[in-house]
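Reading the structure
Residues per chain are reported as follows:
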Amino acid sequence: MNKILRVLKLSIVFIFLLINNSNAQYPVGTWTQVAFFTGTPRAFATAFSIDTVGYVGLGFDTTLHQDFYRYYPVLNVWLPIDSFPGSPRSSAVSFSNDANGWGFVGSGYGGGNTWYCDYYKYTQFDSSWSQVNSSNQNLFLSQGVGVSVGTNAYVTTGIDGAFPNNGNYKYDMITDSWTTDSSFGNSSSIRYGATGFTIGKTIYVGTGINDSTDFNDFWSFDTTSHTWTQLADFGGTPRFGAVGFSVGGFGFIGLGEDLNTSYRQDFWLYDPNLNIWTFVSHFPGSGRKYAVAFTIHDSVAYVGTGIDAIGNTNDFYQFAADTTAGINTIKTSLTSISTFPNPSNGIIQFNYDLGNLSKADLIMYDETGKQVAEYLLSSKQGNLIIDQSDLKNGMYYYSVISEDKTLNTGKICILK
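Residues numbered from 1 in each chain as written. Predicted model: local features only at pLDDT ≥ 70, side-chain atom pairs only at ≥ 80, totals over all residues. Heavy atoms only, no water.

Glancing now at the overall build of the protein chain. In terms of helices and strands, the protein chain carries two helices and 35 strands. A burial count over the protein chain gives 55% of its 416 residues as buried. Considering only contacts in the protein chain between residues 6 or more positions apart, those separated by 24 or more positions represent 52%. Carbon and sulfur atoms make up 52% of the accessible area of the protein chain, which totals about 17300 Å². (Helix = DSSP H or I, 4+ residues; strand = E, 2+ residues; numbered from the N terminus. Buried < 20%, exposed > 50% of the residue type's maximum accessible area, 1.4 Å probe, protein only. Contact = heavy atoms within 4.5 Å. Areas by Shrake-Rupley, 256 points an atom, 1.4 Å probe, with all protein chains shown as cover.)

Below, the structure is given as structure tokens:
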């Protein structure tokens, strides 16, 4: 038995040494609170963006909603638009096309035993709604994932009554037609409450729930070859009701609820080039599930609404990613950082080289994204020995930060 434990510990050390020797550089970003959503606080809303304007509507608080609002980032104001012409509903699917000024909303849950498959197009030019092809009976669902790639959109996963699914359906915005595409994931991938985003012509989908099983697996869909590929698991805990978006060629997933009924605040970055996840920040608002997110011109994301431990919310936050200057600064600033031993009993040595920086902050977080410690790295090079032996066993994350820019990140396993 002792021999088996020694082999297991050596294996864990080897894995974490591989992780800590990775000096990948990532974009950094800043969270800023913006104007509160002017509709009633709610969860299970839906959102899309067209050009420089965001749109949020529908959802549920004590009743189902039809109202819709648009957000002008330059003015930081929300203004109502004509209500959604379909029935009130929650957990609808949305996607959009900037070039044509179109947004699309459909599917969703109407209460009782009612699910919808009707879809409507919003035209920004004249602020009008019109019904589009709603003949796809497979789209009687809620809590699905909707994403767009050019003038095509894809709706995948979701639930109709007690029947989660892994269907994947393509909508051609120009011909107004639906076709069935390759099913999401594999036969064990049936779920609802998942989230996703697109980077280029590739779709990414992950997390979600099926009965009492939360997921943290993560998949890509090649829209040219029509194939799904399983990627590195999402870096946070398995969860459902999370939000996802992409900014500057990187994907982000955060928030949601896990099986411990914990409302999450952590946000994680996915690097599609290296196929790795990195914890980047925690959401400045309360932990919550079934919030919404939309992005403006692949550089700024907005996240808000949802339900937290107290109730429905209507606060909104902007995530502005520094994807150009941030990367350049990181690449010229940091040489390396490593930890020893890893796993550790809580006494950890950090060996670091800050390149042309004279100081930085080392911040540790637990699995929920809560900060548990902060230390100053006061020289360009050095060794810092810390004692966090009072922390319980588990996985912890660290970030090296200078002038609000994340220079490096890594994982630490405390095993006593």
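Picking up where we left off.
What follows is about the packing of aromatic side chains. As enumerated under the stated definition, the model contains 52 aromatic pairs in all. Centroid distance tyrosine 171 to tryptophan 178: 4.8 Å. Interplanar angle 40°. Geometry classified as tilted. The residues tyrosine 171 and tryptophan 178 share a single accessibility class, namely buried. A connected cluster of aromatic rings, assembled from ring pairs, spans Phe197, Tyr204, Phe218, Phe234, Trp268, Tyr270, Trp277, Phe279, Tyr365 and Tyr397. Arginine 191 extends its terminal NZ or CZ atom over the ring of phenylalanine 215, reaching a point 3.9 Å from the ring centre. (Phe/Tyr/Trp six-rings, centres within 6.5 Å; stacked < 30°, edge-to-face > 60°. Lys NZ or Arg CZ within 6 Å of the ring centre and 35° of its normal.)

Turning our eyes to something else, we now look at the sheet that holds strand β24 (residues 266-271). Spatial ordering of the open sheet is given by β22-β23-β24-β25, a layout of four strands whose pairing is antiparallel. On the outer flanks of this sheet lie β22 (243-247) and β25 (276-282), each paired with one strand and no other. Between one strand axis and the next, the sheet turns by 25° as a mean value, whatever way the strands run. (Pairing = 2+ DSSP bridges. Axes fitted to C-alpha atoms, helices over the stretch in contact; angles between N-to-C directions.)

What follows concerns the pattern of salt bridges. Scanning the entire structure with this criterion turns up seven salt bridges. Residues arginine 191 and aspartate 217 are paired through a salt bridge, measuring 2.7 Å at the closest nitrogen-oxygen approach. Highlighted residues: arginine 191 in the loop between β15 (177-180) and β16 (195-199) and aspartate 217 in the loop between β19 (213-214) and β20 (218-222), separated in sequence by 26 residues. Using a relative accessible area of 0% as the deciding quantity, one classes arginine 191 as buried. Between aspartate 258 and arginine 264 there is a salt bridge, and its shortest N-O distance comes to 2.4 Å. Arginine 264 carries the same exposure label as aspartate 258, and that label is buried. (Salt bridge = Lys/Arg side-chain N within 4 Å of Asp/Glu carboxyl O.)

Another aspect to go through is the side chain of threonine 156. By the element assignment, threonine 156 lies in strand β11 (residues 152-156). A residue is classified by how much of its surface remains accessible, and threonine 156, at 3% relative accessible area, is buried. There is a polar contact of 2.9 Å between the side chain of threonine 156 and the backbone oxygen of glycine 167. Those residues in contact with threonine 156, other than ones at most four positions away along the chain, are Gly144, Val145, Asn166, Gly167, Asn168, Phe184, Val205 and Trp228. (Polar contact = N/O pair within 3.5 Å; in protein donor to acceptor, adjacent residues only side chain to side chain.)

The strands making up a sheet associate through hydrogen bonds between their backbones, and the pairing can be parallel or antiparallel. Read from one edge of the open sheet, four strands run β16-β17-β20-β21, paired in antiparallel fashion. A single partner strand is all that each edge strand has here, and the edge strands are β16 and β21 (227-230). If you compare each strand with its neighbour and ignore which way they point, the axes differ by 25° on average. Both β20 and β21 contribute to a ladder of four bridges, which runs antiparallel. Within β21, the position partnered with tryptophan 219 by the bridge is glutamine 230.

Our focus in this paragraph is the environment of arginine 42. For arginine 42, the location among the structural elements is in the loop between β1 (28-34) and β2 (46-50). Take arginine 42: its relative accessible area is 0%, and that puts it in the buried class. When the C-alpha atoms of arginine 42 and glycine 57 are compared, they prove to be 9.5 Å apart, with 15 residues separating the residues in sequence. Here threonine 40 takes part through its backbone oxygen, which lies 3.0 Å from a polar atom of the side chain of arginine 42.

Let us look at the nonpolar core. Of all hydrophobic cores here, the largest spans 19 residues; its most connected members are Phe350 and Met364. Here phenylalanine 350 is in contact with Ile337, Ser338, Thr339, Leu362, Gly382, Asn383, Leu384, Ile386, Tyr398 and Ile412, once residues within four sequence places are set aside. In terms of nonpolar packing, the next biggest core, distinct from the first, is built from 17 residues, Phe252, Phe283, Ala291 and Tyr317 among them. (Core = buried A, V, L, I, M, F, W, Y, C linked by side-chain atoms within 4.5 Å.)

Turning next to the environment of glycine 346. For glycine 346, the location among the structural elements is in the loop between β29 (336-340) and β30 (347-353). In the structure, glycine 346 is positioned 44 residues away from aspartate 390 in sequence and 7.3 Å away in space, judged by C-alpha atoms. Residues contacting glycine 346, with those up to four places away along its chain left out, are Ile386, Asp387, Gln388, Ser389 and Ile414.

Burial within strand β3 (residues 53-57) is extensive, with five of its five residues counted as buried. Sheet analysis places β2 next to β3, joined by five bridges and oriented antiparallel. Note on β3: the bridge partner recorded for serine 49 is glycine 54. In this antiparallel pair of consecutive strands, β2 and β3, the connection spans two residues, and aspartate 51 shows a positive phi of 55°. Summarising the sheet, β3 and strand β4 (residues 68-72) pair through four bridges and their orientation is antiparallel. Its bridge partner lying in β4, valine 56 is registered against tyrosine 69.

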